[in-house]
Amino acid sequence: MRERKGGALNIGKAAAASGVSAKMIRYYESIGLIPEVSRTEAGYRDYSDKDVHRLRFIRRARDLGFSVEQMAELLALWQDRGRASADVKRIALEHVAELQRKARELQEMSETLAHLAGHCQGDSRPDCPIISELSEQEWAEDKREVARPRFGMTGLEPGRSRR
């Protein structure tokens, strides 16, 4: 355990001050993203202003969608006064590329589902292109393996018309 510096906050007050839930604070501590904090004689966690500052950093990084691994890298760089800003920029740009890839996949899924819904009569009949697409299996040449989807995560080209 380490010596406390600054205010004495229990986990509830640290959570309120940082915007990170008590459950997530415990999780971050369990995986080593934040160091174990000192405890009172009764065994309660005792957070300092510095701990809350670290938690706010994590909250902002999480709000931007950084992974736990990326947050750990960013925390290490934040604490390293000899860091190169190029290292921070690299992590940020890698994350931007990942976010853009996910955005493209979400857009593709949205277009596919909108296309299928647009071709569904939505009446009392059982015929439905949405159910048909979800239940369709494309078999590989040897008929033993299911083939990979045709387009991204959805397997359907957005503009393609169903039978």
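In what follows, the structure referred to is the one given above.
Residues numbered from 1 in each chain as written. Predicted model: local features only at pLDDT ≥ 70, side-chain atom pairs only at ≥ 80, totals over all residues. Heavy atoms only, no water.

Q: Please give an account of the overall build of the protein that cites residues and values.
A: Counting its secondary structure elements, the protein contains six helices and two strands. Of the regular secondary structure in the protein, the N- to C-terminal order runs α-α-β-β-α-α-α-α. When the 163 residues of the protein are sorted by exposure, 26% land in the buried category. Here the analysis covers contacts within the protein between residues at least 6 apart in sequence; of these, 53% occur between residues at least 24 apart. Here the protein displays about 11300 Å² of accessible surface, and carbon together with sulfur accounts for 53% of that area. (Helix = DSSP H or I, 4+ residues; strand = E, 2+ residues; numbered from the N terminus. Buried < 20%, exposed > 50% of the residue type's maximum accessible area, 1.4 Å probe, protein only. Contact = heavy atoms within 4.5 Å. Areas by Shrake-Rupley, 256 points an atom, 1.4 Å probe, with all protein chains shown as cover.)

Q: Could you give an account of the packing of aromatic side chains, with specific residues and numbers?
A: The final tally for this structure, using the stated rule, is two aromatic pairs. Plain terms: the ring middles of Tyr 27 and Tyr 28 are 5.8 Å apart, the flat faces sit at 50° to each other, and that makes the pair tilted. With a relative accessible area of 38%, Tyr 27 lands in the partly exposed category. Both rings, one in Phe 57 and one in Trp 78, keep their centres 4.4 Å apart while their planes meet at 15°; by these two values the pair is stacked. Placement of the pair is Phe 57 in helix 3 (residues 49-63) and Trp 78 in helix 4 (residues 68-79), with a sequence separation of 21 residues. (Phe/Tyr/Trp six-rings, centres within 6.5 Å; stacked < 30°, edge-to-face > 60°.)

Q: Give a description of the layout of surface pockets that names residues and reports values.
A: For the second largest pocket, the calculated volume is near 170 Å³. What lines the second largest pocket is simply Phe 57, Arg 60, Ala 61, Leu 64, Phe 66, Leu 74, Leu 77, Trp 78, Arg 83, Val 88 and Ala 92. Listed by contribution, the elements that provide at least two residues to the lining of the second largest pocket are helix 3, helix 4 and helix 5 (85-118). Classifying every residue of the lining of the second largest pocket gives nine nonpolar, no polar and two charged. (1 Å grid on protein atoms, 1.4 Å probe; cavity = no way out; pocket = protein on both sides within 12 Å on 5 of 7 lines; lining within 4 Å. Points joined across faces, edges and corners; volume = space filled by probe spheres on them. Nonpolar A, V, L, I, M, F, W, Y, C, P; charged D, E, K, R; others polar.)

Q: Lay out the pattern of salt bridges with the relevant residues and their values.
A: Applying the stated criterion across every chain, the model contains seven salt bridges. Across the pair Asp 123 and Arg 125 runs a salt bridge whose closest N-O atoms are separated by 3.2 Å. Note on Asp 123: relative accessible area 41%, which makes it partly exposed. In the salt-bridge network here, residues are joined through shared partners; they are Glu 73, Arg 90 and Glu 94. (Salt bridge = Lys/Arg side-chain N within 4 Å of Asp/Glu carboxyl O.)

Q: Any details on the nonpolar core? Residues and values, ideally.
A: Formed by 22 residues in total, the largest nonpolar core has its most connected members in Ile 25, Tyr 28, Tyr 47, Ile 58 and Met 71. The greatest single-element share of this core, amounting to five residues, is contributed by helix 3. (Core = buried A, V, L, I, M, F, W, Y, C linked by side-chain atoms within 4.5 Å.)

Q: Give me the lowdown on the environment of Glu 133, citing residues and values where you can.
A: Assignment of secondary structure puts Glu 133 in helix 6 (residues 129-135). Sequence spacing of Glu 133 and Leu 116 is 17 residues, and the spatial spacing of their C-alpha atoms is 8.3 Å.

In short, geometric facts, not functional conclusions.
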